[in-house]
Structures are given as C-alpha cells and as structure tokens.
Amino acid sequence: MTENNEAIEKAKEHFGEIVKEQLERVEVMKSWQDWIDYKELDPIIIGVVGGDGIGPMICEHAKNVLEFLLKDEVEKGRIEFRVIEGLTIENRAKVVKAIPDDVLEEIKKCHVILKGPTTTPKTGDPWPNIESANVSMRRELDLFACVRPVKVPEKGIDWMFFRENTEGAYVLGSKGVDVTDDLAIDFKVITTQGSDRIIRLAFDYAKKNNINRVTVVTKANVVKTTDGKFLQVAEKVAKDYPEVEWDDWFIDIMAAKLIDPARASQFRVVVMPNLYGDILTDEAAQIQGGVGTAGSANIGKRYAMFEAIHGTAPRMVEEGRSQYADPSSMIKCGAMLLNHIGYNEESKRLDMALEICSQYERKIKLTGRSDGATGEEYAQYIMDRVKDPDLENKWQKYQE
Ligand code: IPM
Ligand code: MG
C-alpha cells in the first residue's frame, strides 16, 4: 500500500510539472508574434538538413533542383543555401538528444529548412530511445501546422490536409509515466490557442482558394475532453467564415471514406489533431501512389520546415541501393518551400514538371533497384522538364 502511495505521489508530481509546462506554453502562444514576411528578408536562408539513411542523398537532389530554379536569386545574394550537418542518429545518440544543441542553433539561424528523413528510435533499437527529431523540431520551432497535399487527378482527388503538429498525443509522447510496473499512462494535450491557429489556417486556405468545404476530423464521441475541445473551437472558428461550409467526421469512418470512390473527391480541406493527421496522411499518400510521393510542410509563424513523410529506408542503405531512392517527395517539398517563401512561379513550374514526370510522361521510372533509374537521373529528368520553355503548354495538354 505504501508502495502505491509513493508511486501515486511521484506520478502527481510528474503531472504537476507537465501541467505547469503546458500552461506556460499557452501563455507563449497567446503572446505570439505576427507571421514572418519573407519579402523583408535579405537574404532568405534555406537550411538543408540531410538526416539519416537515404536522407542526405535525396536531399542533395532536391537542393540541386532548387539551386537551379533560384540561380539568379542566389547570384544576387537574395537567397542563401546552408548545408547543416550533424542531425544524424549517431550524433543524436552520442549526446542523447533529439537534436544536438549546436545543430539546433544552426537551424535557428535559417528561415526555412529542407529536411531529409531522420531515424526515430523505439524500444529495442540499438539506439537510446530518444525523442523523434521531427517531433522535437516541430516543437522547438513551433511549427504548428503540418500541411500535406494529395492529388490523384484521374480520381478527382484534390486534398489538402492540415494536421495539428505540436499538440495532441505527440506533445508529451516522451513524457508518459510508468506509475508502477503494471500501470503506464501517456498524456494528450489540446489547447484552445493550439486548435484555433490550425483550424483558422485551414479555413483561411479554403477561403483564399475558393474551396467551399472544410472537414474537421476527431474522435470527439470517445475522447471527449481533448477532441471535444478541438471540435468546439472548430465550431467557433467556422462562424468567422460564413462562406465556407464545414462538416465533422470521426477518424475511423473518415479513414474508410477516403477509399470510397463516391465520397473521396468530395473532401477538399481536412483539419485534425496530430495523431489522426499522422495516420490519415499516410493513408492518403498511399492512395496517391505511396508515401514516397508525398511532401510535407511544417509551418509556424517564424520558421518553416519542409520534409519527406517517409522514413530513412534503412534496408535500401544496408543493401547498397541508396542511389536508387526516389527523391520525388523531397523535390515536392522543395516546390512547397518555393511557394511558401514567395517564389510562386518557380514553384508552379516545379510542380508541373513533377506531375508530368510522375503521372503522365513517365519516361524514366524508379524501382528502388538497379533495374530502374537512379535518384540523380530522376532529378535530372525533372530538371530537364523545368527547363523546357514549352512546359506549361505541355502540362495543359495533359489536363485535357
Ligand atoms: C510523419 C512521421 C513522424 C510523425 C515520425 C517519423 C515521428 O510519421 O511526419 O508523419 O509521426 O509525425
Ligand atoms: Mg507519419
């Protein structure tokens, strides 16, 4: 009994700390500054963080494509690329930190980050069970919006997912408690401010792009307190956008309806808490052709980070096949990055080239093995299409 009492006291103390931290985070969110204006920056610094496994290789290909598109801007000194080394699992394991301090310091000196995949250790791995570098970076840079587009033109699918990126089941994912050997408790956190800012971003996006529908996804019928709050905030925010219709779905049936041909194309903008967004965006990416085809923008008011949503492909590395890894998702991230910092024309060209290469023309194919193209050849293929003065006309023709 006294043993239990001790465990309870320890758990209470742990919980107290967490509540204190989270209340402080709410205060920071309340006082948070305005959005950064890239037009006022000279230069805009793009940090390139390779990560683990196939990451450095596919990041290099994406960087080359961006450098090509921004050649004039780099020459004029308006854009600077900075390669940041050190966000590797070996380094992170050595200092037992999700992001080593010196690496984080370098990252914070940039304005936008292009990031390759990083190993996320779990129990049983040869690495210490440190927090995911992605999750840590999203929190450290307050990248509250994870924006993931998915398009399948032949099925009429044009989805834009807004995943809350700093709260939910993730914010305290490494801070659960083993109260006793038999009792483990994790925490999920949803705040009014955290929900408001992501839901508002989704509605803003819908309004700006003349999209008449926002879908809010929760499990508020079961997870009543936190998901309940998310839904209540959505109801409130929606009132500020009378021109945008909205509906709410539970995550289970939403996952089913994404593969229902009668429904799928009706969804357009989807906003949801962190873990549901993690799962649903992988499902959506698979519908598009696999997680290797999807890009992801992590956006905050001060920083933004663009990353592939797939993993580090350790098997490819072990088998010596890294050079055949598909760089499409990183290049797609590059297009999102360009759009985010105001190079909309360049971004559009890159998107068109990507679409032509992967969906229509398909002159070069990647198989992940030596019977297919290398990532470098594929990146070159995309670059050749970007260069094509007739690109837009060709793309238009494919749309007909
Ligand atoms: C993603 C990934 C990450 C996440 C992992 C690697 C921690 O799955 O970006 O979706 O769960 O957010
Ligand atoms: Mg995921």
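Details of the structure are given in the entry above.
Residues numbered from 1 in each chain as written. Chains lettered and ligands numbered in written order. Predicted model: local features only at pLDDT ≥ 70, side-chain atom pairs only at ≥ 80, totals over all residues. Heavy atoms only, no water.

### Examining the overall build of the protein
So, point 1. Along the backbone of the protein there are 16 helices and 12 strands.
So, point 2. The C-alpha radius of gyration computed for the protein amounts to 22 Å, which stays within 12% of the reference 21 Å derived for 400 residues, consistent with globular compactness.
So, point 3. Along the longest, intermediate and shortest principal axes, the C-alpha atoms of the protein span 75 × 50 × 45 Å.
So, point 4. Expressed as a percentage of contacts within the protein between residues at least 6 apart in sequence, the contacts between residues at least 24 apart total 74%.
So, point 5. Summed over all atoms, the accessible surface of the protein reaches about 19400 Å², with 50% contributed by carbon and sulfur.
So, point 6. Positive and negative side-chain charges in the protein, numbering 54 and 68 respectively, have mean positions lying 3 Å apart. (Helix = DSSP H or I, 4+ residues; strand = E, 2+ residues; numbered from the N terminus. Rg over C-alpha atoms; globule rule 2.2 N^0.38 Å. Contact = heavy atoms within 4.5 Å. Areas by Shrake-Rupley, 256 points an atom, 1.4 Å probe, with all protein chains shown as cover. Lys, Arg positive; Asp, Glu negative; His and termini not counted. Charge placed at Lys NZ, Arg CZ, Asp CG, Glu CD.)

### With respect to the layout of surface pockets
So, point 1. Roughly 670 Å³ of volume is contained in the second largest pocket.
So, point 2. Thr-120, Ser-132, Asn-134, Val-135 and Tyr-170 are, among the 29 residues lining the second largest pocket, the residues nearest its centre.
So, point 3. Elements with a minimum of two residues in the lining of the second largest pocket: helix H6 (133-140), helix H11 (274-288) and strand E12 (304-308).
So, point 4. Here the lining of the second largest pocket takes three residues from H6, the largest share from any one element. (1 Å grid on protein atoms, 1.4 Å probe; cavity = no way out; pocket = protein on both sides within 12 Å on 5 of 7 lines; lining within 4 Å. Points joined across faces, edges and corners; volume = space filled by probe spheres on them.)

### Observations regarding the site of ligand 1
So, point 1. Residues in contact with ligand 1, as listed here, are Thr-120, Ser-132, Arg-138, Arg-148, Arg-163, Tyr-170 and Asp-278.
So, point 2. Contacts to ligand 1 include Arg-138, whose side-chain N or O atom sits 2.7 Å from an oxygen atom.
So, point 3. The contact in question runs from an oxygen atom of ligand 1 to an N or O atom on the side chain of Tyr-170, over 2.5 Å.
So, point 4. Look at ligand 1: alone it shows 320 Å² of surface, and the protein chains cover 80% of it.
So, point 5. Here ligand 1 occupies the second largest pocket.
So, point 6. Along the lines of polarity and charge, the residues of the shell around ligand 1 split into one nonpolar, two polar and four charged. (Near = heavy atom within 4 Å. Polar contact = N/O pair within 3.5 Å; in protein donor to acceptor, adjacent residues only side chain to side chain. Sits in = over half its atoms within 2 Å of the grid points. Nonpolar A, V, L, I, M, F, W, Y, C, P; charged D, E, K, R; others polar.)

### Some thoughts on the side chain of Ser-347
So, point 1. Checked against the element boundaries, Ser-347 lands in helix H14 (residues 344-360).
So, point 2. Setting aside its immediate chain neighbours within four residues, Ser-347 contacts Ala-335, Leu-338 and Asn-339.

### Overview of helix H8 (residues 226-238)
Think of an α-helix as 3.6 residues a turn; residues three or four steps apart then line up on the same face.
So, point 1. The first and last C-alpha atoms of H8 sit 18 Å apart over 13 residues, in line with the 18 Å expected at 1.5 Å per residue.
So, point 2. Among the residues making up H8, those that are buried are Thr-226, Asp-227, Gly-228, Phe-230, Leu-231, Val-233, Ala-234, Val-237 and Ala-238.
So, point 3. Of the surrounding secondary structure, the elements contacted by the buried residues of H8 are helix H7 (192-208), strand E8 (213-218), strand E9 (245-250), strand E10 (269-272) and H11. (Expected span 1.5 Å × (residues − 1). Buried < 20%, exposed > 50% of the residue type's maximum accessible area, 1.4 Å probe, protein only.)

### Notes on the pairing of strand E4 (residues 145-152)
So, point 1. Counting buried residues in E4 gives seven out of eight residues, a clear majority hidden from the surface.
So, point 2. Examined bridge by bridge, E4 and strand E5 (residues 157-164) share eight bridges and lie antiparallel to one another. In the strand pairing of E5, Pro-149 is matched with Met-160.
So, point 3. Across three bridges, the pairing between E4 and strand E11 (residues 295-299) is antiparallel. Across the sheet, the residue bridging to Cys-146 is Asn-298, located in E11. (Pairing = 2+ DSSP bridges.)

### Examining a nonpolar patch on the surface
So, point 1. Together, Phe-15, Val-19 and Leu-23 make up an exposed nonpolar region whose accessible area comes to about 270 Å².
So, point 2. Tracing the sequence through the fold places Leu-23 in helix H1 (residues 2-30).
So, point 3. The class of Leu-23 is exposed, set by a relative accessible area of 55%. (Patch = residues over 30% accessible without salt bridge, like charges linked within 9 Å, V, L, I, M, F, W, Y side chains within 5 Å. Salt bridge = Lys/Arg side-chain N within 4 Å of Asp/Glu carboxyl O.)

### Here's the deal with the pairing of E9
So, point 1. One ladder, built from six bridges, connects E8 with E9; its direction is parallel. Bridge pairing in E9 places Val-214 opposite Trp-246.

### Topic: H1
So, point 1. Between the first and last C-alpha of H1 there are 42 Å, a value that for 29 residues agrees with the 42 Å anticipated at 1.5 Å per step.
So, point 2. All of the buried residues in H1 are Ala-7, Ala-11, Ile-18, Gln-22, Arg-25, Val-26 and Met-29.
So, point 3. Summarising the contacts, the buried residues of H1 are in contact with H7.

### Focus: the environment of Gly-300
So, point 1. Secondary-structure assignment places Gly-300 in the loop between E11 and E12.
So, point 2. With 151 residues separating them along the chain, Gly-300 and Pro-149 place their C-alpha atoms 17 Å apart.
So, point 3. Discounting residues that sit within four places of it in the chain, Gly-300 has contacts with Trp-35, Asp-142, Leu-143 and Phe-144.

### What about the environment of Lys-363?
So, point 1. Topologically, Lys-363 is positioned in the loop between H14 and helix H15 (375-387).
So, point 2. Apart from residues no more than four positions distant in its own chain, Lys-363 is found in contact with Tyr-381 and Arg-385.

### Some remarks on empty space enclosed by the protein
Over the atoms, a rolling probe the size of a water molecule traces out where space has been left empty.
So, point 1. Counted according to the given criterion, the structure contains one cavity of 30 Å³ or more.
So, point 2. A volume near 30 Å³ is recorded for the largest cavity.
So, point 3. Glu-131, Val-135, Arg-139, Asn-165, Thr-166, Tyr-170 and Val-171 are the residues that line the largest cavity.
So, point 4. Within the lining of the largest cavity, the residues separate by chemical class into three nonpolar, two polar and two charged.

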